[in-house]
Amino acid sequence: MRRSCRQVTLLSAASRYWSSSPVAPPSKQSRLLLFLSQRFHDIETLLSWSSWFKNRGQSEWFRSDRRGKFSWDFMNHRDTSIEEVDVGNTLINYTGLENLVKQRGLRTLSVSGCAEVDDWFLSRLYIFQDTLEELDISNCPRISVGGLAALQKLRYTDQHGRK
Amino acid sequence: MWLECVSSSCKRKALMLWTGPTSGISSLFKAFREKAADAMPGSDWTPFEKNSSLPPERADIVIVGGGVVGWSIAYWLKQKEMIRDGVRVLVVERDPTYSQASTVLSAGGIRQQFSLPENIHLSMASADFMRNINEHLSVLNDDPVDLQFNHSGYLFLASEKVAHIMEENYSTQRYAGAKVSLLSPTQLKEKCPWINTDGVVLASYGLENEGWFDPWMLLNAFRRKAISMGVYQCFGEVTGFSYTTNTMTTAEGDKVDFRRIKYANVQMPNSLEYQPVECAIVVNAAGALSGKVAEMMGIGLGPKDTISGIPLPVEPRKRFIYVVHCPNGPGLDTPFLVDYSGVYFRREGLGGNYIAGMSPEEEEEPETNNLEVDHQFFQNIWPHLAHRVPAFECLKVKSAWAGFYDYNTFDQNGIVGMHPLVNNMFFATGFSGHGLQHSPAIGRAMAELILDGGFKTLDLSAFSFKRIMTKEPILERNIV
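Note that this is a predicted model, so its numbers are computed, not measured. (Residues numbered from 1 in each chain as written. Chains lettered and ligands numbered in written order. Predicted model: local features only at pLDDT ≥ 70, side-chain atom pairs only at ≥ 80, totals over all residues. Heavy atoms only, no water.)

## Some points on the overall build of chain B
1) Next: The secondary structure content of chain B amounts to twelve helices and 18 strands.
2) Next: In terms of overall dimensions, chain B has a C-alpha envelope of 90 × 65 × 45 Å along the principal axes.
3) Next: Going through the 480 residues of chain B one by one, you find that 50% of them count as buried.
4) Next: Taking all contacts inside chain B whose residues are at least 6 apart in sequence as the whole, residues at least 24 apart take part in 73%.
5) Next: Total accessible area computed for chain B in this model is approximately 22,300 Å², and 54% of it derives from carbon and sulfur atoms.
6) Next: Across chain B, the centroid of the 43 positively charged side chains sits 7 Å from that of the 53 negatively charged ones. (Helix = DSSP H or I, 4+ residues; strand = E, 2+ residues; numbered from the N terminus. Buried < 20%, exposed > 50% of the residue type's maximum accessible area, 1.4 Å probe, protein only. Contact = heavy atoms within 4.5 Å. Areas by Shrake-Rupley, 256 points an atom, 1.4 Å probe, with all protein chains shown as cover. Lys, Arg positive; Asp, Glu negative; His and termini not counted. Charge placed at Lys NZ, Arg CZ, Asp CG, Glu CD.)

## As for the overall build of chain A
1) Next: When helices and strands are counted, chain A shows four helices and six strands.
2) Next: Reading chain A from its N terminus to its C terminus gives the helix and strand order α-α-β-β-β-β-α-β-α-β.
3) Next: Summarising the internal contacts of chain A: among those between residues at least 6 apart in sequence, 67% fall at separations of at least 24.

## Points about a nonpolar patch on the surface
1) Next: A contiguous nonpolar patch, built from Val145(A), Leu148(A), Leu332(B) and Leu350(B) and spanning about 320 Å² of accessible area, is present on the exposed surface.
2) Next: Inspection of the secondary structure assignment puts Leu148(A) in helix 4 (residues 145-150).
3) Next: Given the relative accessible area of 36%, Leu148(A) is considered partly exposed. (Patch = residues over 30% accessible without salt bridge, like charges linked within 9 Å, V, L, I, M, F, W, Y side chains within 5 Å. Salt bridge = Lys/Arg side-chain N within 4 Å of Asp/Glu carboxyl O.)

## Notes on the interface of chain B and chain A
1) Next: Listed per partner, the contact involves 19 residues of chain B and 16 residues of chain A.
2) Next: Across the chain B to chain A interface the summed buried area is about 1,600 Å²; carbon plus sulfur atoms make up 55%.
3) Next: When residues of chain B are sorted by the area they lose upon contact with chain A, Arg131(B), His151(B) and Leu207(B) head the list and together hold 41% of the total.
4) Next: Our enumeration of links across chain B and chain A arrives at one salt bridge. (Buried area = accessible area lost by both parts, 1.4 Å probe.)

## Concerning the sheet that holds strand 5 (residues 180-183) of chain B
Residues and elements named next belong to chain B.
1) Next: Taken in spatial order, the eight strands make up an open sheet running 5-6-4-13-14-15-12-16, and their pairing is mixed. Lying at the two open borders of the sheet, with one neighbouring strand each, are strand 5 and strand 16 (396-408). Each strand of the sheet is rotated relative to its neighbour by a mean of 20 degrees, with strand direction disregarded.
2) Next: Against the sheet, helix 6 (residues 163-176) engages strand 4 (154-158), strand 5 and strand 6 (202-206), with an angle of about 155 degrees to strand 5.
3) Next: Across the sheet, helix 10 (residues 378-388) touches strand 4, strand 12 (314-325), strand 13 (336-338), strand 14 (343-348), strand 15 (353-358) and strand 16, and the angle it forms with strand 15 is around 115 degrees. (Pairing = 2+ DSSP bridges. Axes fitted to C-alpha atoms, helices over the stretch in contact; angles between N-to-C directions.)

## So, helix 6 of chain B
All names here are of chain B.
1) Next: For helix 6, built from 14 residues, the straight-helix expectation of 20 Å at 1.5 Å per residue is met to within 8% by its first-to-last C-alpha distance of 20 Å.
2) Next: Burial in helix 6 covers these residues: Ala163, Ile165, Met166, Asn169, Gln173 and Ala176. Looking straight down helix 6, one finds its buried side chains confined to an arc of 145 degrees; they lie on one side.
3) Next: Structurally, helix 6 contributes buried residues whose contacts are with helix 4 (117-131), strand 4, strand 5 and strand 6.
4) Next: Once helix 6 finishes, Gly177 follows within two positions and takes phi at roughly 105 degrees, a positive value. (Expected span 1.5 Å × (residues − 1). Arc of directions from axis to C-beta.)

## Here's the deal with the pairing of strand 11 (residues 274-284) of chain B
All names here are of chain B.
1) Next: The pairing of strand 1 (residues 58-64) with strand 11 spans six bridges and is classified as parallel. Looking across to strand 11, one finds that Val62 is bridged to Val282.
2) Next: Hairpin connection of strand 10 (residues 255-267) to strand 11: six residues between the antiparallel strands, including Asn270 at a positive phi of 55 degrees.
3) Next: Sheet analysis places strand 11 next to strand 18 (residues 425-429), joined by three bridges and oriented parallel. If you follow Val282 over to strand 18, its bridge partner there is Met425.

## What to know about unusual backbone geometry
All names here are of chain B.
1) Next: Positive phi, close to 50 degrees, is recorded for Ser432, a residue that is not glycine.
2) Next: Tracing the backbone through its elements, the reader meets Ser432 in the loop between strand 18 and helix 11 (435-452).
3) Next: In this structure Ser432 comes out as buried when scored by relative accessible area, which is 5%.
4) Next: The phi dihedral of Lys471 is positive, around 60 degrees, even though this residue is not glycine.
5) Next: Mapping Lys471 onto the fold places it in the segment after helix 12 (466-469).

## Structural notes on the side chain of Asn413(B)
All names here are of chain B.
1) Next: By secondary structure assignment, the location of Asn413 is in the loop between strand 16 and strand 17 (415-418).
2) Next: Asn413 sits in the buried class, given a relative accessible area of 1%.
3) Next: Excluding its chain neighbours within four sequence positions, the residues that come into contact with Asn413 are Leu116, Asn119, Asn408, Gly430, Ser432, Phe463, Arg467, Ile474, Leu475 and Glu476.

## Re the nonpolar core
1) Next: Residues Leu109(A), Val111(A), Leu125(A), Leu155(B), Leu188(B) and Phe345(B) are the most contacted members of the largest nonpolar core, which totals 58 residues.
2) Next: In this structure Leu109(A) touches Val85(A), Leu100(A), Leu125(A), Leu132(A), Glu134(A), Leu135(A) and Asp136(A), once residues within four positions along its chain are discounted.
3) Next: With 54 residues, the next largest nonpolar core counts Tyr94(A), Phe149(B), Ala447(B) and Leu460(B) among its residues. (Core = buried A, V, L, I, M, F, W, Y, C linked by side-chain atoms within 4.5 Å.)

## Some details on the UniProt feature "domain: FAD dependent oxidoreductase" (unreviewed entry) in chain B
1) Next: Under the feature "domain: FAD dependent oxidoreductase" (unreviewed entry), the UniProt entry names residues 60-449 of chain B.
2) Next: End-to-end, the C-alpha atoms of residues 60-449 of chain B are 15 Å apart, and along that stretch the chain is 26% helix and 30% strand. (UniProt positions renumbered as here; feature names shortened; annotations may be inferred.)

## What to know about the pattern of salt bridges
Residues and elements named next belong to chain B.
1) Next: Under the defined criterion, the tally for this structure stands at 22 salt bridges over all chains.
2) Next: Among the ionic pairs, Lys30 bridges to Glu34, the shortest N-O distance being 3.4 Å. Taken together, the residues Lys30 and Glu34, both in helix 2 (residues 25-39) and four residues apart, mark about one turn of the helix.
3) Next: Taking the relative accessible area as the measure of exposure, Lys30 reaches 49% and is therefore partly exposed.
4) Next: Classification of Glu34 by relative accessible area gives partly exposed; the value is 46%.
5) Next: Between Asp411 and Arg467 there is a salt bridge, with the nearest N and O atoms lying 2.7 Å from each other. Of this pair, Asp411 sits in the loop between strand 16 and strand 17 while Arg467 sits in helix 12; the two residues are 56 residues apart in sequence, bridging distant segments of the chain.

## Brief notes about the side chain of Arg124(A)
1) Next: Looking at the secondary structure, you find Arg124(A) in the loop between helix 3 (119-123) and strand 5 (134-136).
2) Next: Taking relative accessible area as the criterion, Arg124(A) reaches 11% and is therefore assigned buried.
3) Next: Once you skip the residues sitting within four places of it in the chain, Arg124(A) turns out to touch Tyr94(A), Leu97(A), Glu98(A), Val101(A) and Glu208(B).

So this is what it looks like as structure tokens:
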């Protein structure tokens, strides 16, 4: 059954989908999404627009459909952590990053085309310094040299982007 | 005189009411109201022609010093006033070219790596301000503020002797919420392969909200916004104060003079013309010259063992910054590196230039009557630079400049608050090299102190003048 994320409450999370993946205690991921829709407007729009995220071991992306509704299939994968996040072309900013900071296994982040991503956003990406491998900051008009100086903290990252 | 003026204009306007078109009535009333307001005491109207570069005759708050701290206080005062034109603020600056101002000659760094929680919180609040600077300081139809903030972080290196201090500071900083990390020599070498870790036992690296920015942009942003909010700016020098004295006797029978400033005399540049500005509060934000301004009020000129005999312990100290060029240097990734020998350097621009400096020993303090650079002093810096970064063995000094610290000779930390004997003089000075990075938060704290009567967001009572009276310094451990 498809439901809009805006109606999520902690109680409704109790309804589970049984699937083939091993059952485990609630993961940070589901907590993350509950936070997302309850806390920040940035992230509500993130889920309702064309934002995607991908789990470890899965090769398909979770994305919202044309009507902006988000499927609940991700609840099948409670114990896995998010590996790749694509928040391109959204209004994510420094405060919105608050919702992603708990993702310790993040490998790819794409913020291409985000108008609100500036140098301060980049300076906060040190949180992912151990795991981030790919960072896409193309078409972000507010980034400057000062922000690129902050990216030295990311050790394994292969960055690509253009103004 | 004003009665006649009002009644004659009344009669004229009454006549015009009957004859003129009806759409002119409200403008007539408006003009009448303005004229009546001018006639009231406290307005700016004078029968004589006034030189417009003079400050207004009356102001609620006079801020002595138009540096970044002074303008930050002016902005926050206007930001916090409850009603429009609630306070009239005047900023008096001596030098319109800012040729000797500490603000613009600064290296422009901001860091959270201090040992006093107050300093850490001041830096964090200032960084938050700068992150959202356009929400605070943008002016309609004008360009947005671009501080050119480089988020490179500060890297402090500690030798064996001082490593324990660095560890204690690290826990204080973490507790206060600053994002700092400690690095061992191996981790340091991995992160910065161009460093020579010889002698380094521990390193402390700021992960967020640290770096450097353009101080002139911040100063102008504050100034532009404050002027758009109605702050008066005057280029002139405060040469003296007129005050009233109230002598009271203590329980032991000693006499104490309480002074209240009534007028601040502002003298025009290159002229004998001066304007006594009647004011309620004076804020001393004069930076390196704050000691002189305090002396004008007699602070420090009283008998030796009394409160009035304690001077404001702020004096100018000259510091040099050298611009060097090194093509094989560390590059874009260079943090603002501060070595335990006192030498610091950071990248400047993208052309392989770096700026470097060092705090001299007490005995070697240069004289402060001018801003001439001592190029010989660089010979003290170079060996430490080359030892720490082998690429700097071949560098070329391109240029240099000097600036003043508003150096607090007592404990090298700011003095914020009222003077105990001069009831309407507030200090915001003595930051000894940290004034720029703390200026947004200091401005807010001073505005809270003046308008709300006490500190609301950050408690800076540790920085009050009281510690100078009781001779209890609060020292930063490991300062530069």
